[in-house]
Amino acid sequence: MRKYAAQRLALGIPTILGAAILIFVIMRVVPGDVATLIAIGGSEGEEQISAAAIEKMRDTLGLNQPLHMQFANWMWDLAHWDLGRSLWTRQPVKELLIRRYPLTLQLSAMALLLSWLIAIPIGILTAVKQDTPLDYIPRLVSIVGLAIPNFWLGILVMTYLAAILGWVPALTYSVPWKDPVENFSQLMLPAVVLGTALAALQTRMTRTTMLEVLREDYIRTANAKGLSSRTVLWRHALKNAAIPVITISGAQLGGLISGSLVTEVVFNLPGLGAATVDAVRLRDYPVIQTLVLFITVAHIIVNLGVDLLYGFLDPRIRFA
Amino acid sequence: MEVEPRAPSTQNVLNLRGARWQYQRAWLRRFVIYKPLGAVGAGVVLLMFFLSIFGSFLTPYNPIDMDFLARLESPNLRHPLGTDLFGRDVLSNIIGGAKISIYVGFASVILGTGFGAIWGLTSGYAGGKFDMYSQRLIDILQSIPTLALALVIVASLGSSLNNIIVAISIGLIATSARVVRASAISIRNMDYIAAAISTGAGWRRIVFRHVLPNSLPPYLVVATAGLGIAILQEASLSFLGVGVPPPHPSWGRMLSGMGRDYLTIAPWLSLAPGIAIVVVVLAFNLVGDAFRDMFDPRLRGSERR
C-alpha cells in the first residue's frame, strides 16, 4: 500500500509541473501586449501612451526577460509561497486565496454530500425495481438533468423562488463561524443546483454497478442464507457497487471547482471560481495563472486521494 | 459506408449490393425497435442538421433585424416565440442559433476527439517510450479542469467563433485519446493481428484495415458524448461573457444576457434557448447511450430495452 501511494505521489509532481508549463505557455501566446493594456489602464481616452511608459511597465512585470527565466521566476516565487500580486489592485494573490477558498470548499462539500444523499438511494431503487415505472422515471429525470445547463437552472431557481416565495438570499456573503444560519441559507440553493447536477451522473453509475453486483454469486448466497433484503442491499451489494461511484465522485469533486466557476457567478458568491472569472475579465495575468494552477493542483490532489482510496477499498487494484 | 462500384457489370456484384442494403435496413430496424429513445435522439439530430442547412430559408425574419414597434412581445401569431428587447424575432434567432450550435459542436468534436483519437491510436499501437510520454502529457492535459482551461484559452486568444472551437476542442482531446488508446492496445494483442502480420501485412494495412475500424465503436461513443459537452461548454462560456460573439446568434448568449435580465417580465427570452439546448444535448446523449449499449457487450444483457 505504501509503495503504491509513493508511486502515485511521485507521478503527481511532474504532472503539476507540466500543467504549470502548459498554463504558462497559454498565457504567453496572447496576441495583445499585456503591458500596453495595463499602461492604458482604465483611462481609455488617452490614446497616446509613450513607448517609454510601456517599456517601463514591461520591465516591472518582468516581461523583458527570456521566457524560461520568467517561468523560473514564477516557480521560484511559488516555491517560496509568494503567489504574486494582482496587476490592478496590487493585492497579494495569497490573501485572495485565503479569503475566497473556504467558500468554494464549503460549497463543494455541501454539493457532494447532497448528491450522495440523492443519488445512492435512487440508484439502488432503480436497480432493484429495474424495468418498472420506479426505474424509468428517475432515469428520465437524470438523463434530462444531464442536459440542463447548470447556470440556467440556477438562474431559473433563483428568479422564480424569489418571485413566488418572495425570498431573496442575502447579497453579502457571511462566513459560517459568524452567522451559520445566514451562511447556510445563502449556500443552500447553489449547493442544490450543483448537487443535483452531480447526482444525475452518480445515479446512473450507481444503477449500472448495482445491476452488475446484484447478479453476483455472493448476493445469491446472502439471500439464500435468509438475510433481510435490506442487509443484502446496503451491507453486501452497496459495498462493492460503491467503488465506481466513489471514483466518479472524485472526478466530479475535481470538476466541481470549475463547476462552481459558473454557479458562483450566478449566485453572486465571492468564491474562488468567481475570482477566476473576474481575473479573466480584467486580464489580470498573474492572478489567472496562479489561480488556475491552484485549481489544477487541487484537482490532482483530489484524484490522487481517490486513487489511494480506491486501492484501499479494492485490494486487487493495488497489486495489479 | 456504401461505395458505388465502378463497373456493376456482373450479377454477382448486384446481389452483393442488394444483400448489403438489406443488412443495413435490418440493422436500422433493429436500432429503432430496441433503442427507441436513441432513434428519437437521432431524429432530433437530423432535424438540427436540416435546420442548420436550410434554416436561413425557413426563418420568418432575419435574426438580427430589429423592429422597435414590436419590442418584448410575448409569443403570438406573428412571432411564435415572441420578440426581445430590440424587437428581434426569437424563433428566427433559435433557428439561426441551431446552425452555430451544430457548427461549434461538430467542429470542436471533430477537431478535439479526432486529434485525440489519432494520438491514442498511434500511442496505443506504437507503445514503448512514445506511449509512456504521451500518457504523461495526457495526464497533464486532463489535470486542468476543462472549463477553466477553455476560459484561459479564450481569454488569451480573444473570443471569436474559431477560438471558442479551439478552446472547447482542447478539453476533449484527453478522453478520446485515452479511450482509443485502450482499445488499440487490446486490438493489437488479438490473434487476427498476429495472423495479419504472419501473412506479411505492413503496418499501414494493419492500422488502417484492422486496428482503426475496430476501435471506431468506442470512439463514436466518446464523440457523441463530446457533442453534448461542447454545446454546454459554449453556453457556459457565453454566460461568462466570453462565448460566441455577436452578430452570430447563440443560444448560450440568448439565455444568459437579456434572457436573464428580463426573466420575470419576458420569460420566453430565456426559456426558448434554454429548452433548445436541453433538447439538443439530450438528443446527443440519447444517441450516445444507444451506441454505448449496442457496442458494449457487457451492458447488452442488462440494458437492452
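Rules used throughout
Residues numbered from 1 in each chain as written. Chains lettered and ligands numbered in written order. Predicted model: local features only at pLDDT ≥ 70, side-chain atom pairs only at ≥ 80, totals over all residues. Heavy atoms only, no water. Patch = residues over 30% accessible without salt bridge, like charges linked within 9 Å, V, L, I, M, F, W, Y side chains within 5 Å. Areas by Shrake-Rupley, 256 points an atom, 1.4 Å probe, with all protein chains shown as cover. Salt bridge = Lys/Arg side-chain N within 4 Å of Asp/Glu carboxyl O. Helix = DSSP H or I, 4+ residues; strand = E, 2+ residues; numbered from the N terminus. Buried < 20%, exposed > 50% of the residue type's maximum accessible area, 1.4 Å probe, protein only. Contact = heavy atoms within 4.5 Å. Buried area = accessible area lost by both parts, 1.4 Å probe. Polar contact = N/O pair within 3.5 Å; in protein donor to acceptor, adjacent residues only side chain to side chain. pLDDT = per-residue confidence, 0-100.

## Description of a nonpolar patch on the surface
A cluster of nonpolar residues, Leu46, Leu47, Phe49, Phe50, Ile53, Phe54, Phe57 and Leu58 of chain B, forms a patch on the protein surface that exposes about 850 Å² of accessible area. As for its position among the elements, Phe57 of chain B is in helix α2 (residues 36–58).

## Structural notes on the pattern of salt bridges
Applying the stated rule across the entire model yields 6 salt bridges over all chains. The partner of Asp135 of chain A in a salt bridge is Arg207 of chain A, with the nearest N and O atoms 2.9 Å apart. Of this pair, Asp135 of chain A sits in helix α6 (residues 133–145) while Arg207 of chain A sits in helix α8 (residues 180–214), and the two are 72 residues apart along the sequence. Among the residues examined, Asp135 of chain A registers a relative accessible area of 0% and is labelled buried. Among the residues examined, Arg207 of chain A registers a relative accessible area of 4% and is labelled buried. Where Asp131 of chain B meets Arg181 of chain B, a salt bridge forms, and the shortest distance between an N and an O atom there is 2.7 Å. Of this pair, Asp131 of chain B sits in helix α4 (residues 128–143) while Arg181 of chain B sits in helix α6 (residues 161–188); the two residues are 50 residues apart in sequence, bridging distant segments of the chain. No difference in accessibility class separates Asp131 of chain B from Arg181 of chain B, as the two residues are buried.

## Overview of the interface of chain B and chain A
Residue-level contacts link 45 residues of chain B with 53 residues of chain A. Taking both sides of the interface into account, the surface hidden between chain B and chain A amounts to around 4000 Å²; carbon and sulfur atoms contribute 73%. Here chain B is connected to chain A by 0 salt bridges. Linking chain B with chain A are 0 residue pairs in polar contact (both at pLDDT 80 or more). For the side of chain B that touches chain A, the secondary-structure elements that each account for two or more residues are α4, α5 (146–157), α9 (216–239), α10 (251–256), α12 (268–295) and α13 (297–303) of chain B. When residues in the side of chain B that touches chain A are grouped by element, the largest group, 12 residues, is from α12 of chain B.

## Brief notes about the confidence of the model for chain B
All names here are of chain B. Put simply, chain B has an average pLDDT of 78, and 80% of its residues get 70 or more. Here residues 299–305 is a poorly scored stretch, pLDDT under 50, and it has 24 contacts once near neighbours within four places are set aside; other chains count. If you check the scores for this complex, the pTM reads 0.80 and the ipTM reads 0.77.

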